[in-house]
Every structure is written in C-alpha cells, then in structure tokens.
Amino acid sequence: MPRQLIKGNEAVVKGAILAGCRFFFGYPITPASEIAEAAAYYMPLAGGTFLQAESEIASINMVYGAASGGVRAMTASSSPGISLKQEGISYCAGSELPLVVIDIMRGGPGLGNIAPEQSDYNQMVKGGGHGNYKLLVLAPNSAQEMCDLTMLAFELADMYQNPAVVLADGFVGQMMEPVKFPQPVKKLEDKPWAIHADKDDEFRLISSIQLEPEILEQHNRHLQAKYARAEQQEVRFEEYQAEDAELILVGYGVVSRILYSAVDNLRAEGLQVGLHRPISLWPFPKRRIAQLAETVDAFLAVELSNGQMVDDVRLAVNGARPVHFYNRMGGMVPSPEEISDHVKKILKA
Amino acid sequence: MSDKKLGKAGCFYDIYERSATANKDVTHYCPGCGHGVLHKLIAEAIDDFGIREKTILISPVGCSVFAYYYFRVGNIQCAHGRAPAVATGIKRVYPQSIVISYQGDGDLAAIGGNNILQAANRGENITVFFVNNAIYGMTGGQMAPTTLIGQKTTTTPRGRSQINEGYPMKIAELFSALEAPVYIERVALTDPKNTNKVRRAVRKALKTQMENKGFSLVEVLSACPSGWKMSSVQAKEWIDEAMVKHFPLGVFKDRTEEVQPSEAKRHVFNADDLHKKLDIPQNIQASREIRRTASSNIGQNARIIIAGFGGQGILLLGVGLAQAGMQAGYQVSWIPSYGPEMRGGTANCHVNLSDKRIGSPIVSKPDVLIVMNLPSLDKFEDCVQAGGLIVYDTSLIKKSPRRMDVSALGIPATEIADELGNARVANMVMLGALIAETSIIDKEVVFDALPDFIKRKNLISLNKQAIEKGIEFADSLVSVA
Ligand SMILES: Cc1ncc(C[n+]2csc(CCOP(=O)(O)OP(=O)(O)O)c2C)c(N)n1
Ligand code: SF4
Ligand SMILES: [Mg+2]
C-alpha cells in the first residue's frame with residue numbers, strides 16, 4: 001500500500017471516513033480548521049454530510065443528534081472551541097452516545113494564541129464538563145496515528161457507548177508525514193438502542209435526565225463500571241529504551257517526538273535514559289508507570305502546559321521516586337538539546 | 001384536573017412508565033397549563049397523519065423536558081436551548097423522518113437564540129413548536145425574554161422594565177424577516193375558537209415538513225398559571241387581554257404554496273471505492289520508490305529549514321522536498337511555520353529526510369538552511385550545524401553568509417525564474433540547486449513527484465524547467481571550481 005504525504009489534520013478526516021463516519025459538524029478554528037475543510041470536501045464524496053454549524057455549542061449538539069440516530073459522527077475544534085463544547089460533551093456521556101471529538105490544542109488561557117500547547121489535558125482527561133464522566137482520550141504523535149487513532153476512537157466510542165477524544169497539539173495537526181491508509185470499515189453494526197425513525201422507536205429514548213436520586217446513582221454506578229472496564233482493557237502506551245533506563249522521560253504528542261531525539265542524544269553520551277509515552281491519556285498507563293517506578297531512579301515529565309499530565313504521573317509513582325517536571329508554554333516548544341541539558345542537570349544533582 | 005389526562009390519542013403511551021411520579025396515569029403539568037393541551041393537539045395530528053412511527057421529538061430543558069413520558073415516538077431529550085441543533089443532526093441522518101423541536105421561551109428565545117435562528121435560516125426541514133408562556137415555568141417563575149413590560153416575576157420583582165431588561169421579544173415577527181422559513185404563525189391557547197386555530201397551525205406545520213417544504217415555527221401563547229400565580233381561568237383571560245396585545249396573533253409568513261418540495265433521500269451507508277474517493281494513492285507510487293543516489297553528502301539525516309517571505313512558495317518548496325524525499329525512500333516530515341513564527345509576512349518550514357525514524361519534526365539545528373530573503377538569513381544563520389549548508393537567493397539577499405564553518409551556495413533564483421517568465425517558480429530553482437549540490441534526491445524522483453505537490457497541471461512543466469535551471473546553475477559552479 002503506497003504512502004501519502006499528508007497533514008495530520010487531513011489524515012484525521014480520511015481516517016474517520018475509512019472508519020465509517022459520515023457525519024461531521026464543525027466550526028472553524030486554527031489550528032484545527034483543515035479538519036473541517038477536508039471534511040467539507042470529502043464527506044459529500046463519501047455519501048456523508050458536512051455542516052458548518054453556528055458555533056461549537058451547536059456542532060457538538062448536532063453530533064448529539066446524529067449519534068442519537070446510531071451513525072458514526074464527529075466534530076473537531078481547538079481549545080477555546082472545546083471549552084464551549086464541554087456542556088454538550090457531558091450530555092453525550094450522560095446519554096451514553098458514542099461519538100468522536102478531535103481537539104487540536106493551542107495556546108491559552110483565553111484567546112491565547114494559535115501555537116501548540118497541551119493545556120487541554122485537564123479539560124479532556126479529567127472531564128471539563130459537569131458530572132461523573134470520563135472520556136476515552138487518545139494522543140497521537142504522527143500523521144499516521146492521526147488516522148489510526150481516529151479510527152480506533154470510533155471503535156472505542158461504539159464499544160463503550162461513550163464519547164472518545166483524539167487529543168493532539170497544533171504541531172501534530174499541522175505536520176505533514178507519509179501515511180498508509182488502511183482498508184475501510186465496510187459494514188457498521190446496528191445499534192439497537194439508537195433512534196431509527198421506525199416503529200420500535202417508541203421503546204427508545206436518548207436522555208441524560210433522571211429525577212430520582214436512587215436511579216441517577218444507579219446510572220452513575222453503571223457509568224463507573226464501564227469506565228473500570230476501560231481502565232482494564234484500553235491502556236495504550238509506547239516505550240523506547242526503557243528496559244535498562246535509570247531515568248524515564250514521560251511525554252505525549254509532539255513532546256514525545258522531541259523526547260525520542262533527546263533519548264538518542266543522551267544514549268549517545270552513555271546516559272541510561274528512556275521514554276514512556278502514554279497513548280491513551282485516559283485510561284492513563286498508571287500501572288505500567290508504577291511498575292517502572294520499581295526499577296528506575298527518577299522520572300521527568302515534559303509538557304507544553306503548566307503541568308497537567310505530570311499529576312497523573314505523580315499519582316502513579318505515588319512518592320516511590322522523584323518525578324521531575326519540565327515545561328514550555330504559550331507555543332514555545334523545547335528542543336531535544338534543551339531537554340538533554342535538563343536531564344543532565346537532574347542526573348548530576 | 002380534567003386536562004391532566006392526555007386522553008387516548010394513539011400517539012401517547014397508555015401508561016406513563018417513564019414518569020418519576022407515583023401516578024403513571026396523569027401528566028406532571030400543573031392544572032391549566034398550556035403544555036398538556038398542545039401535546040394533545042400535536043399527538044392527534046401525528047395520529048391523523050399516520051406519521052407516528054417516523055416522528056422524532058426533541059425535548060430540551062423546560063417544563064416540557066418530560067415530553068418523552070407521554071409521546072409514543074422516538075424521543076431525544078437534550079440540553080437547554082440546543083434542540084434545533086440536535087434536530088438538525090438527527091434530521092440529516094433521517095431526512096425522511098418527522099422531527100419536532102418543542103421549546104419554551106427561555107429555551108428558544110434566550111439561551112438557544114442563535115441555535116433556532118440559524119436552524120431557521122438554514123431552512124431545516126423541521127417543525128418547531130414554541131411555547132411562549134412569558135416566563136420560566138420550570139425553574140419557578142423567573143423572567144423570560146417574552147415576559148411583558150411590567151410583568152412581575154421572581155427576577156423582576158418590581159415588574160419588567162424596558163430600561164433594565166429591554167422589550168419582550170417578538171419571535172414570530174423576528175423570524176419572518178428571514179428568507180428560508182416557510183411557515184410562521186402565532187396562535188393562542190385560550191377559548192375553543194383560538195384553540196381550533198392552534199390545531200390547524202399544528203397540522204399545517206407538520207404537513208409542511210411531511211411535504212419536505214422546509215422550516216416551520218408555530219408560536220403558541222400558552223398559560224402558566226403556576227408561574228403567573230393565577231387561576232386557570234384568570235390565566236386564559238390574561239393571555240387574551242395582556243399577551244395578545246403585545247404578541248398579535250396571525251400568520252406571519254406562509255410560503256407553503258410557492259416552495260418546491262426538496263428531495264428527502266434516505267442516507268445509505270456505502271464504503272465502496274473509498275480510497276479512490278478520498279484521493280488515497282492506489283499503487284502508482286510504489287513502483288516509483290527509487291532510492292536516492294548514494295553520493296549524498298548531507299548524511300543519513302537531513303534536517304532542513306526553509307525560510308523567506310510569505311508568497312515565495314516557501315511552504316510548497318518544503319512540501320516538494322518532503323514529497324520527493326518520501327518517494328526516494330526516506331522517512332520524512334514537514335512542519336509549517338506556525339505559532340510565534342507566523343508574524344510579519346515571513347514563512348518558514350522544517351523538513352526532515354532521514355533513514356531512521358524521525359524524532360523531533362521540529363528542526364532546531366539544521367544541516368541545510370534554504371533562505372529567500374535577508375531577514376531569514378539573519379534569523380537562522382547562527383543555528384546551522386557546523387559543516388552544514390546554506391542555499392540563498394542572491395537576487396534578494398545582497399550579502400554573503402558570515403559563517404565560515406558552513407558551505408554556502410548563492411543562486412540568483414528569482415532572476416532565473418523571471419527569465420522563465422514567472423518569478424513564483426524561484427522556489428523550484430532553489431530546490432534544483434539543493435538537489436544538485438547535495439545529491440540528496442535524484443532529480444528524476446523529484447520530477448516524478450511534481451504532480452503530487454503542484455496541483456495545477458498546466459504549471460508542472462514550468463516548475464520542472466525551474467528545477468532544471470537550478471540544477472544547471474549549481475552544476476556550473478561545481479565545474480568552475
Ligand atoms: C445551561 C442551563 N442553564 C439553566 C438551566 C435551568 N433551567 C431549566 S428550565 C429553565 C427555563 C425554562 O424556561 P422555558 O424554556 O420558558 O420553559 P417553560 O418551563 O416555561 O416551559 C432554566 C433556566 C439549565 N437546565 N441548563
Ligand atoms: S410551571 Fe407553568 S409551564 Fe410549567 S407545568 Fe406548571 S403551568 Fe405549565
Ligand atoms: Mg416559558
């Protein structure tokens with residue numbers, strides 16, 4: 001299968017369509033706009049629907065409507081737009097609707113800028129909306145994974161009847177790399193619970209309201225049981241030179257790419273440094289990190305944020321080893337050399 | 001209590017199993033509430049039209065959020081104000097269905113104002129029943145956008161004042177100014193004569209959707225005795241006396257006779273020929289995967305920064321390099337100038353060509369710097385690796401690089417391009433010079449790749465010429481030396 005040189009954002013759309021998604025509702029925002037633009041171009045060619053909504057609030061609710069009808073549907077945005085979607089995402093989780101949200105993170109808070117950041121970790125991984133819900137969050141670090149993890153997100157969303165998120169930074173969205181596109185999903189399973197516009201609809205209800213505290217508690221317990229299952233089964237990560245490492249770098253998205261280079265540089269200098277890269281940010285690979293904590297001396301979490309993922313690393317390590325933190329913000333991105341220097345400082349100390 | 005039972009319309013569940021109240025026979029609406037009556041009129045119309053099995057009811061937040069207790073149809077409950085967006089989503093999935101957005105005045109005219117406005121303006125083929133009771137019933141009687149001047153509510157304890165709260169919103173009038181809506185009428189649930197008009201309006205609105213004619217909205221002035229703190233009788237009188245004065249009844253828009261019905265094609269999932277539809281290369285490329293010539297003097301891993309003015313085709317030069325690099329069998333990455341870099345009309349991009357997996361796609365210490373204006377040379381010269389290469393356009397950069405520990409190749413790319421008749425192919429002249437100087441990619445591979453990054457077919461031969469000229473120029477320097 002030949003490879004195609006393509007932007008991460010465009011690979012998302014092709015991946016989505018190959019995964020059987022035919023409904024896209026969005027609102028333009030840099031650095032995610034190529035997703036809406038590619039969807040506007042390709043969705044109709046694939047027999048699907050693209051609609052530019054009046055806002056991110058509208059687009060997530062349009063996805064709510066489409067997903068209620070049992071089809072694979074999606075929306076995409078960047079940080080400020082994701083903030084607006086949070087109410088809708090909470091409703092989707094409450095009503096147990098499978099759908100995919102793509103977030104191409106940019107600088108914040110407020111309008112911030114359009115440069116890459118990773119400061120939406122908390123609002124996506126910890127739940128930016130109200131209520132006791134979790135999102136399945138996948139973090140690609142290449143154009144290939146923008147396609148592959150978008151496809152996986154649709155599978156997970158259906159499997160868990162829950163929104164799934166592809167959380168990428170502006171660089172991963174804007175970057176062009178060769179992608180091998182897989183074969184399309186040929187047939188989608190019917191979702192008996194979904195609205196079908198047929199005679200059995202009288203037994204179907206899409207809703208997140210439940211007045212009775214007892215029943216709402218039951219519903220919450222049901223959601224938590226589902227999330228517990230996902231925590232068992234959906235942890236994904238990648239490691240590089242981690243086996244004999246004394247210090248483990250932890251980072252996701254574009255940062256993990258910089259960390260590969262840093263590990264190579266440091267290994268070339270004879271330093272035993274490795275990389276742990278969470279691919280599923282939720283469920284977070286906490287058991288694996290706890291395991292690593294038994295053998296390594298220390299961790300260094302690197303993020304384009306004020307330190308959001310590092311909290312999860314610290315929870316996993318649970319005080320067993322020092323967890324250091326290095327960050328850039330506002331669209332600044334560390335070079336591999338910058339990371340290497342910081343690692344050497346830690347190792348000397 | 002007589003109107004608490006919805007009666008035996010087939011469109012209602014026999015027993016309201018979903019109701020949270022103990023008595024599953026009666027509705028949750030207060031005595032004298034307009035919602036129940038409107039429910040009945042809608043249900044009867046659905047029955048009479050025989051559309052129950054394909055009707056989907058959207059109930060957002062408000063007293064009617066529990067409409068799904070009663071209507072024996074496909075029910076979707078959703079967020080406050082968002083019913084028109086949700087309706088849009090499901091209607092696009094099932095264009096042949098009948099979608100009803102049932103909204104209160106807080107829901108439609110306040111929090112969801114833009115959603116309904118835009119759905120109306122798109123002419124969504126849905127039916128909106130808008131219950132104007134001049135108050136927030138569900139939350140205990142606060143002001144609505146439709147609350148009358150002087151009307152006391154819990155949040156206008158001294159009466160609504162136009163100075164503080166503005167005037168009550170006339171939704172039917174406002175929406176009639178839009179082009180797309182097909183049918184808009186305001187009716188009132190008061191005496192039998194008016195109620196009969198509501199019945200007719202409900203039917204007409206549903207019929208409009210059934211005939212695929214487009215968007216309709218029926219504004220229903222409706223009693224909220226609890227919120228208004230009145231008896232049922234007083235409430236109906238108040239509609240007739242106070243509300244109708246500000247909200248005149250009547251048809252505000254009716255294009256049902258003139259519009260052409262659209263085609264409501266059922267969505268059918270189809271995954272045939274998807275790779276072709278998505279412009280995913282089939283197999284042509286595989287045969288083109290030619291290795292680069294072995295004599296590359298840049299090494300295994302070329303990290304390249306390309307920079308210049310916006311409009312010089314800087315990004316395209318990078319894409320071309322990455323595309324050809326990929327086809328030459330390299331791992332490649334390309335990242336455009338983006339974020340803090342994207343100021344003052346300058347453009348740059350980072351390209352990696354490597355035999356190994358590419359770590360950071362961001363180039364901090366380039367092996368090769370290609371620059372097409374002076375500010376870019378000044379900006380990036382210092383970060384080039386010792387032993388690296390700077391390729392610069394001497395037509396625009398009138399000084400040589402300072403660095404003595406790197407090689408430099410100056411080429412009048414813009415002048416050469418001008419001679420070819422189009423200064424915009426200077427970027428390709430630069431590309432030609434680069435591949436000649438470094439042998440990093442065979443020129444045949446670059447020519448092969450041209451159609452993949454030059455989208456306009458008629459420009460391919462010009463770009464090819466430009467690359468040839470760049471190669472010629474670089475080769476001539478070598479032979480002189
Ligand atoms: C985002 C959000 N804000 C506020 C509320 C609280 N709330 C519930 S119903 C309602 C007003 C409903 O009024 P209206 O739409 O006029 O319906 P009515 O009850 O009068 O029929 C409000 C403010 C909510 N559920 N969600
Ligand atoms: S509060 Fe008003 S709108 Fe709500 S049910 Fe009672 S009368 Fe009807
Ligand atoms: Mg109201």
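Participant: Can you help me understand the overall build of chain A in this one?
Facilitator: From N to C terminus, chain A includes twelve helices and 16 strands. In summary, chain A has a C-alpha radius of gyration of 20 Å against a globular reference of 20 Å for 349 residues, a match within 12%. Its C-alpha atoms give chain A principal-axis dimensions of about 70 × 50 × 40 Å. Counting across all 349 residues of chain A, residues that qualify as buried make up 64%. When contacts within chain A are restricted to residue pairs at least 6 apart in sequence, long-range pairs at least 24 apart make up 78% of them. When the accessible area of chain A is evaluated, it comes to approximately 11800 Å², of which 51% is carbon and sulfur surface. Computed over 31 positive and 42 negative side-chain charges, the separation of the two mean positions in chain A equals 3 Å.

Participant: Just to check I follow, could you spell out the coordination of the magnesium ion (ligand 3) for this structure?
Facilitator: For a metal with four donors in a tetrahedral arrangement, the ideal angle between donors is 109.5 degrees, while six donors in an octahedron ideally sit at 90 or 180 degrees. Residues and elements named next belong to chain B. Surrounding the magnesium ion (ligand 3) are the protein donor atoms Asp105 (OD), Asn133 (OD1) and Ile135 (O), which sit 2.1 to 2.3 Å from the metal. Motif for the magnesium ion (ligand 3), donor spacing along one chain: D-x27-N-x1-I. Residue aspartate 105 is found in helix H3 (residues 105-111), and its partner isoleucine 135 is found in the loop between strand S4 (127-132) and helix H5 (162-165); the two are separated by 30 residues along the sequence.

Participant: Sorry, what's going on with the domain arrangement of chain A here?
Facilitator: How big an interface is tends to be reported as the loss of accessible area on association of its parts. Residue and element names in this part refer to chain A. Splitting chain A by domain gives domain 1 (4-233) and domain 2 (237-348). The C-alpha-based centres of domain 1 and domain 2 are spaced at 28 Å. Listed as interface residues are 33 residues of domain 1 and, on the opposing side, 27 residues of domain 2. The junction of domain 1 with domain 2 conceals about 2500 Å² of combined surface from both sides, 50% of it contributed by carbon and sulfur atoms. Among the residues of domain 1 in contact with domain 2, Gln118, Tyr121 and Asn141 are the three that bury the most area, contributing 30% of the side total. For the pair domain 1 and domain 2, the number of links is four salt bridges. Note that glutamate 177 is salt-bridged to arginine 257, the shortest N-O span being 2.8 Å. Remark: the boundary between domain 1 and domain 2 carries 21 residue pairs in polar contact (both at pLDDT 80 or more). The class makeup of the residues in the side of domain 1 that touches domain 2 is 18 nonpolar, seven polar and eight charged.

Participant: I would appreciate a short explanation of the environment of Glu257(B) in the present structure.
Facilitator: The residue Glu257(B) is located in the loop between strand S7 (250-254) and helix H10 (274-277) in this model. As for Glu257(B) and Val128(B), which are separated by 129 residues in sequence, their C-alpha atoms are 19 Å apart.

Participant: Is there a simple way to explain the site of ligand 1 in this structure?
Facilitator: In the neighbourhood of ligand 1, 17 residues make up the surrounding shell, with His35(B), Cys63(B), Asp105(B), Asp107(B) and Gly137(B) lying closest. One finds residues of chains A and B in close proximity to ligand 1. The backbone of Cys63(B) places a nitrogen or oxygen atom 2.8 Å from an oxygen atom of ligand 1. In the complex, 77% of the free accessible area of ligand 1, which totals 590 Å², lies under the protein chains. For the shell around ligand 1, the leading source of residues is H3(B), giving four residues.

Participant: Hey, could you run me through unusual backbone geometry in this one?
Facilitator: One can expect most non-glycine residues to show negative phi and most peptide bonds to be in trans. Residues and elements named next belong to chain A. Following threonine 30, the chain continues into proline 31 via a peptide bond in cis, with omega recorded as 0°. The omega angle of the peptide bond from glycine 108 to proline 109 is 0°, so this bond is cis rather than trans. The backbone of asparagine 318 shows a phi angle near 50°, a positive value even though the residue is not glycine. With respect to the secondary-structure elements, asparagine 318 resides in the loop between helix H11 (309-317) and strand S16 (323-327).

Participant: Teacher, can you tell me more about the nonpolar core here?
Facilitator: The tendency in soluble globular proteins is for nonpolar side chains to be buried side by side. Within the largest apolar cluster, 157 residues are counted, with the highest numbers of intra-cluster contacts made by Leu249(A), Phe299(A), Ile58(B) and Leu217(B). Among residues more than four places away in sequence, those in contact with Ile58(B) are Ile76(B), Cys78(B), Ala83(B), Val86(B), Ala87(B), Ile90(B), Val99(B), Ile100(B), Ser101(B) and Tyr102(B). Judged by nonpolar contacts, the second largest core, of 54 residues, contains Cys349(B), Val391(B), Leu462(B) and Ile467(B).

Participant: Looking at this structure, I do not really get the interface of chain B and chain A. What am I missing?
Facilitator: With 76 residues of chain B at the interface, the matching set in chain A holds 80 residues. Carbon and sulfur atoms supply 63% of the area that chain B and chain A bury against each other, a total of about 6300 Å² over both sides. As a salt-bridge pair, Glu202(A) and Arg52(B) come within 3.6 Å of each other at their nearest N and O atoms. On the surface where chain B and chain A come into contact, there are 30 residue pairs in polar contact (both at pLDDT 80 or more).

Participant: Would you explain helix H7 (residues 192-210) of chain B in this entry?
Facilitator: Three- or four-residue spacings in an α-helix give side chains the same orientation, since the helix completes a turn every 3.6 residues. Residues and elements named next belong to chain B. With 19 residues, H7 should reach 27 Å at 1.5 Å per residue; the first-to-last C-alpha distance of 27 Å fits that figure. For H7, the set of buried residues is Asn194, Thr195, Val198, Ala201, Val202, Ala205, Leu206, Thr208 and Gln209. Buried positions in H7, seen along its axis, are confined to an arc of 155° and lie on one side of it. Along H7, exposed side chains directed more than 90 degrees from the buried face belong to Pro192, Lys193 and Arg200. A positive backbone phi angle near 55° is found at asparagine 212, which sits one or two residues after H7.

Participant: Hey, could you run me through the packing of helix H2 (residues 83-93) of chain B against helix H4 (residues 113-122) of chain B in this one?
Facilitator: Helix-helix packing is characterised by the crossing angle of the two axes and by the distance between the axes. Residues and elements named next belong to chain B. Put simply, H2 and H4 touch, their axes get as near as 8 Å, and they point 40° apart. Relative to H4, H2 is oriented oblique. On the side of H2, the interface is formed by Pro84, Thr88 and Arg92, while H4 contributes Asn115, Ile116, Ala119 and Arg122. For the contact of H2 with H4, a count of residues per class yields three nonpolar, two polar and two charged.

Participant: How do you make sense of the sheet that holds strand S12 (residues 247-250) of chain A when you look at a structure like this?
Facilitator: Sheet strands pair by backbone hydrogen bonding; their relative direction is either parallel or antiparallel. Residues and elements named next belong to chain A. In space, the five strands of this open sheet follow the order S11-S13-S12-S15-S16, with mixed pairing throughout. Looking along the sheet, the strands with just one partner apiece sit at the ends: strand S11 (237-240) and S16. Strand after strand, the sheet turns through a mean of 20° between neighbouring axes, direction not considered. Its contacts with the sheet put helix H9 (residues 254-268) on S11, S12, strand S13 (273-278) and strand S15 (298-303), and the angle it makes with S13 is roughly 165°. Across the sheet, H11 is in contact with S12, S13, S15 and S16; its angle to S16 comes to roughly 170°.

Participant: Would you mind showing me how to read the site of ligand 2 here?
Facilitator: The environment of ligand 2 is formed by Tyr29(B), Cys30(B), Cys33(B), His35(B), Cys63(B), Asn133(B), Gly137(B), Cys224(B), Pro225(B) and Ser226(B). Taken together, the residues of the shell around ligand 2 sort by class into six nonpolar, four polar and no charged.

Participant: How do you make sense of the sheet that holds S4(B) when you look at a structure like this?
Facilitator: Read across the sheet, eight strands follow the order S10(A)-S2(B)-S1(B)-S3(B)-S4(B)-S6(B)-S5(B)-S7(B) without closing on themselves; strand pairing throughout is mixed. Edge strands, defined here as strands with exactly one partner in the open sheet, are strand S10 (205-206) of chain A together with S7 of chain B. Here S10(A) pairs with strand S2 (residues 74-77) of chain B via two bridges, running parallel. Counterpart to Leu205(A) in the pairing with S2(B) is Asn75(B).

Participant: Would you explain the environment of Arg72(B) in this entry?
Facilitator: Within the secondary structure layout, Arg72(B) lies in the loop between strand S1 (55-59) and S2. Here the alpha-carbon distance between Arg72(B) and Gln465(B), two residues 393 residues apart in the chain, equals 71 Å. Ignoring any residue separated from it by four or fewer positions in sequence, one finds Arg72(B) in contact with Glu202(A), Gly10(B), Cys11(B), Phe12(B), Tyr13(B), Asp14(B) and Arg52(B).

Participant: What should I look at first to understand the pairing of strand S8 (residues 163-169) of chain A in this one?
Facilitator: Both faces of the sheet carry side chains from a regular strand, because those side chains alternate between them. All names here are of chain A. Among the seven residues that make up S8, seven are buried, leaving the element largely enclosed by the rest of the structure. Residues of S8 alternate between two faces, with Pro163, Val165, Leu167 and Asp169 on one and Ala164, Val166 and Ala168 on the opposite face, all of them buried. Relative to S8, strand S5 (residues 99-107) is paired through seven bridges, and the arrangement is parallel. Looking at S8, one finds that methionine 105 is bridged to aspartate 169. Of the strand pairs in this sheet, strand S7 (residues 136-138) and S8 are connected by three bridges, and their pairing is parallel. When the bridges of S8 are listed, valine 137 appears paired with valine 165. Since S7 and S8 lie parallel, the crossover through helix H6 (residues 143-160) that links them has a hand, and here it is right-handed.

Quick notes on the rules
Residues numbered from 1 in each chain as written. Chains lettered and ligands numbered in written order. Predicted model: local features only at pLDDT ≥ 70, side-chain atom pairs only at ≥ 80, totals over all residues. Heavy atoms only, no water. Helix = DSSP H or I, 4+ residues; strand = E, 2+ residues; numbered from the N terminus. Rg over C-alpha atoms; globule rule 2.2 N^0.38 Å. Buried < 20%, exposed > 50% of the residue type's maximum accessible area, 1.4 Å probe, protein only. Contact = heavy atoms within 4.5 Å. Areas by Shrake-Rupley, 256 points an atom, 1.4 Å probe, with all protein chains shown as cover. Lys, Arg positive; Asp, Glu negative; His and termini not counted. Charge placed at Lys NZ, Arg CZ, Asp CG, Glu CD. Donors = N, O, S within 2.8 Å, 3.2 Å for Na, K, Ca; no water. Domains from an automatic or database assignment. Buried area = accessible area lost by both parts, 1.4 Å probe. Salt bridge = Lys/Arg side-chain N within 4 Å of Asp/Glu carboxyl O. Polar contact = N/O pair within 3.5 Å; in protein donor to acceptor, adjacent residues only side chain to side chain. Nonpolar A, V, L, I, M, F, W, Y, C, P; charged D, E, K, R; others polar. Near = heavy atom within 4 Å. Core = buried A, V, L, I, M, F, W, Y, C linked by side-chain atoms within 4.5 Å. Expected span 1.5 Å × (residues − 1). Arc of directions from axis to C-beta. Axes fitted to C-alpha atoms, helices over the stretch in contact; angles between N-to-C directions. Parallel < 35°, antiparallel > 145°, perpendicular 65-115°, else oblique. Pairing = 2+ DSSP bridges. Right-handed = clockwise from strand over helix to strand, strands pointing away.

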